[in-house]
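Descriptive analysis of the structure
One-letter residues, chain by chain:
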Number of protein chains: 2
Amino acid sequence: MDNRPIGIFDSGIGGLTVLKEVTEQLPNEDIVYFGDTARIPYGTKSKETVMKYSFQCIKFLLSKNVKAIIIACNTASAMALKEALEHFDVPIIGVIEPGAKAASAKSKNGKIGVIGTTGTINSEAYQKEIRELKKSSEVIGVACPLFVQIVEDGWQDTDVARIAAEKYLLDLKEHNVDTLVLGCTHYPILRYTLTKVMGEGVSLVNPAFETAKEAKQILKQNNILSGKVDKPIHCYYVSDDPEKFRRIGGNILNRNIHEIKKVDIENL
Amino acid sequence: MDNRPIGIFDSGIGGLTVLKEVTEQLPNEDIVYFGDTARIPYGTKSKETVMKYSFQCIKFLLSKNVKAIIIACNTASAMALKEALEHFDVPIIGVIEPGAKAASAKSKNGKIGVIGTTGTINSEAYQKEIRELKKSSEVIGVACPLFVQIVEDGWQDTDVARIAAEKYLLDLKEHNVDTLVLGCTHYPILRYTLTKVMGEGVSLVNPAFETAKEAKQILKQNNILSGKVDKPIHCYYVSDDPEKFRRIGGNILNRNIHEIKKVDIENL
């Protein structure tokens, strides 16, 4: 048993969808969350830059004495997980592998769509992972860079969201995919619009949910589940002004976030 | 006379619209351009963070021995120009004041719309500046956070752009503004869509053009125009991978950009 907290990081606020799933599946665990809001987004940036930022996030979380780390950002998982596992001596879990596994298991016709940021899609991380699980899979990745901002503006159920989705998803519909991986932490919030455009018959895979399941598994295997019985402690850190995080983050978690501290991540 | 270069910075690539106007109005000047592509965008971040980033950009340009600095980013101009003028001993020109002056001069009914990033609009920088020039002006600011990504995706002439513009600009149309300030360096690329939505009768103000005019004026007043006769030198620096900048920047300038160097802006 290990009562130290789990560390979770994301380029900003989107990773709270992962935190939410983790708290539901691992309700006794303490958590330290870091959102790199001063440098958000990662999805349009180069591998070198995303690796540098991710390593800084991991070092910060390690300084908070975490026992394991979840990379709640799809871009960072795609671009930095492998290198992070080689570099740091602590269990690190990304969102790609759990999402890919679930998609592979769900798909009946072997045609799987993946949507995400430009960085995630261009990295081919999901595509490679799914094909490794099942060689015959046909995986089509589409970058949907507008979706993050649409969600941040609260426009997920508007005409703008629907028409953008129709444009982005056209190719996936024509290829008759039966499973769609929501490869960006913001996208589950577009679930209603995505279902409307893709049709009820297409399964949506939310890697946040799958990642929390995987995290539970790994903590068990490593014998480091928490033995705490009192109320778990969740601490939040960000690199820009905490106020926006408090407001939008509160909406994602459906509860108030108190205690958010600002960190100068560039100069730790 | 002063043959040292002019420094220009922006959060990324958008400031090249300002550089383009400067090279047309000041064709003999050497230029050092810096695009903070590793931390783009500034428009969603706090004043404190934008100030910190802007000061780092200015320090970098000063290390390149520039004689004057143009803040080509609306958000940075709105949030950091005043403080930068107090802190640095070099002429520094922002895009807000020139844009506001032009809008005030153009408007006949005194009703002026300003569109920009959330940071620029919430700072009220344009609104205050225009009202200072003419107290009776009615100025309405609207944040259009989706527009930057729409332009970066090349979607400026699509249905998505038109419907987003109709949603954002509704209030301005109802208020019958006769002048619209394009308060973000990306927005001139949306000119066609904006004109279609606002109607031909509404004047669009491009602060990039006005800023280049102002820069010429200020160099003259300070007696620091270049006396060079040979071909001017333009150097480009970015904080993330130069490749994307080369590709999209080349489209904005309608010519190839060679020599782009990467700078570790966080650790100078």
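Owing to the predicted nature of the structure, the values given are computational and were not obtained by experimental measurement.

Some remarks on the nonpolar core
Counting 57 residues, the largest nonpolar core has Ile115(A), Phe147(A), Ile150(A), Ile115(B), Phe147(B) and Ile150(B) as the members making the most contacts within it. The contacts of Phe147(A), once residues within four sequence positions are left out, are Ile115(A), Ala161(A), Ala164(A), Ala165(A), Tyr168(A), Tyr187(A), Leu190(A) and Leu194(A). Core analysis: the next-biggest nonpolar cluster, separate from the first, contains 43 residues, Val95(B), Ile96(B), Ile130(B) and Ala208(B) among them.

Notes on the sheet that holds strand 3 (residues 68-71) of chain B
All names here are of chain B. With parallel pairing, six strands are arranged side by side in an open sheet as 4-3-1-2-9-10. Where the open sheet ends on each side, the last strands, each with one partner, are strand 4 (92-93) and strand 10 (260-262). In terms of strand pairing, strand 2 (residues 31-35) meets strand 9 (residues 234-238) through five bridges, oriented parallel. Looking across to strand 9, one finds that glycine 35 is bridged to valine 238. Across the sheet, helix 1 (residues 16-25) touches strand 1 (6-10), strand 2, strand 3 and strand 9, and the angle it forms with strand 2 is around 170°.

Comments concerning the interface of chain B and chain A
Listed by partner, the interface residues are 34 residues for chain B and 34 residues for chain A. Roughly 2,700 Å² of surface becomes buried between chain B and chain A when both sides are summed, with 54% attributable to carbon and sulfur atoms. For the pair chain B and chain A, the number of links is eight salt bridges. Two residues, Asp264(A) and Lys52(B), come together in a salt bridge whose shortest N-O distance is 3.1 Å. Between chain B and chain A we count 18 residue pairs in polar contact (both at pLDDT 80 or more) in total. When contributions to the side of chain B that touches chain A are tallied by element, the ones reaching two or more residues are helix 2 (47-63), helix 7 (146-152) and helix 8 (159-174) of chain B. Across the side of chain B that touches chain A, the residue classes tally to 12 nonpolar, nine polar and 13 charged.

Quick notes on the relation of the copies chain B and chain A
You can overlay chain B on chain A at an RMSD of 0.0 Å; the transform is a turn of 180° with a shift of 0.0 Å along its axis. Within this description, the copies of the chain are treated as partners about a two-fold rotation axis. For chain B, the smallest separation between a C-alpha atom and the rotation axis is recorded for Arg39(B), amounting to 2.4 Å. By residue overlap, the copies meet face to face through one surface: 100% of the interface positions of chain B are interface positions in chain A.

Re the layout of surface pockets
Residues and elements named next belong to chain A. Roughly 520 Å³ of volume is contained in the second largest pocket. In this structure, the second largest pocket is lined by 23 residues; those nearest its centre are Ser77, Ala78, Leu81, Lys82 and Glu129. With eight residues, helix 3 (residues 74-87) is the single largest residue contributor to the lining of the second largest pocket. Tallied by class, residues from the lining of the second largest pocket come to 12 nonpolar, three polar and eight charged.

Some words on empty space enclosed by the protein
In this structure the tally under the stated criterion is three cavities of 30 Å³ or more. Volume-wise, the largest cavity comes out at about 120 Å³. Around the largest cavity, the lining is made up of 14 residues, and of these Ser11(A), Cys73(A), Thr117(A), Val148(A) and Cys184(A) lie nearest the centre. Looking at the lining of the largest cavity, its residues break down into six nonpolar, seven polar and one charged. Elements that contribute at least two residues to the lining of the second largest cavity include exactly helix 1 and helix 10 (207-221) of chain B. Taken together, the residues of the lining of the second largest cavity sort by class into seven nonpolar, four polar and no charged.

Re the domain arrangement of chain A
Residue and element names in this part refer to chain A. Domain annotation of chain A identifies domain 1 (6-94 + 209-267) and domain 2 (96-207). Measuring from the centre of the C-alpha atoms in domain 1 to the corresponding centre in domain 2 gives 23 Å. Counting residues at the interface gives 20 residues for domain 1 and 21 residues for domain 2. Roughly 1,600 Å² is buried in total at the junction of domain 1 and domain 2, and carbon and sulfur atoms are behind 54% of that figure. Summed over the shared surface of domain 1 and domain 2, the number is two salt bridges. At the junction of domain 1 with domain 2, the criterion picks out 11 residue pairs in polar contact (both at pLDDT 80 or more). When contributions to the side of domain 1 that touches domain 2 are tallied by element, the ones reaching two or more residues are helix 1 (16-25), helix 3 and helix 10 (207-221).

Thoughts on helix 9 (residues 191-198) of chain B
Residues and elements named next belong to chain B. The complete set of buried residues in helix 9 reads Thr193, Leu194, Val197 and Met198. The buried residues of helix 9 occupy one face: seen down the axis, they fall within an arc of 120°. Exposed side of helix 9, more than 90 degrees from the buried face: Tyr192 and Lys196 are the residues found there. Contacts from the buried residues of helix 9 go to strand 5 (111-116), helix 7, helix 8, strand 7 (179-183) and strand 8 (203-205).

Overview of the UniProt feature "binding site: substrate" (unreviewed entry) in chain A
Residue and element names in this part refer to chain A. As annotated by UniProt and renumbered to match this structure, "binding site: substrate" (unreviewed entry) occupies Asp10, Ser11, Tyr42, Gly43, Asn74, Thr75, Thr185 and His186. Spanning 177 residues, the named residues form one tight spatial group whose C-alpha atoms are at most 13.0 Å apart. In the annotation above, Asp10, Ser11, Tyr42, Gly43, Asn74, Thr75, Thr185 and His186 are the residues that line the largest cavity. When sequence neighbours within four positions are dropped, the list of residues in contact with threonine 185 reads Asp10, Gly14, Gly15, Thr17, Val18, Ala72 and Asn74. Relative to the helices and strands, histidine 186 resides in the loop between strand 7 (179-183) and helix 9 (191-198). When sequence neighbours within four positions are dropped, the list of residues in contact with histidine 186 reads Ile13, Gly14, Val148, Val151 and Glu152.

Criteria and cut-off values
Residues numbered from 1 in each chain as written. Chains lettered and ligands numbered in written order. Predicted model: local features only at pLDDT ≥ 70, side-chain atom pairs only at ≥ 80, totals over all residues. Heavy atoms only, no water. Core = buried A, V, L, I, M, F, W, Y, C linked by side-chain atoms within 4.5 Å. Buried < 20%, exposed > 50% of the residue type's maximum accessible area, 1.4 Å probe, protein only. Contact = heavy atoms within 4.5 Å. Pairing = 2+ DSSP bridges. Helix = DSSP H or I, 4+ residues; strand = E, 2+ residues; numbered from the N terminus. Axes fitted to C-alpha atoms, helices over the stretch in contact; angles between N-to-C directions. Buried area = accessible area lost by both parts, 1.4 Å probe. Salt bridge = Lys/Arg side-chain N within 4 Å of Asp/Glu carboxyl O. Polar contact = N/O pair within 3.5 Å; in protein donor to acceptor, adjacent residues only side chain to side chain. Nonpolar A, V, L, I, M, F, W, Y, C, P; charged D, E, K, R; others polar. Least-squares fit on C-alpha atoms with pLDDT ≥ 70 in both. 1 Å grid on protein atoms, 1.4 Å probe; cavity = no way out; pocket = protein on both sides within 12 Å on 5 of 7 lines; lining within 4 Å. Points joined across faces, edges and corners; volume = space filled by probe spheres on them. Domains from an automatic or database assignment. Arc of directions from axis to C-beta. UniProt positions renumbered as here; feature names shortened; annotations may be inferred.

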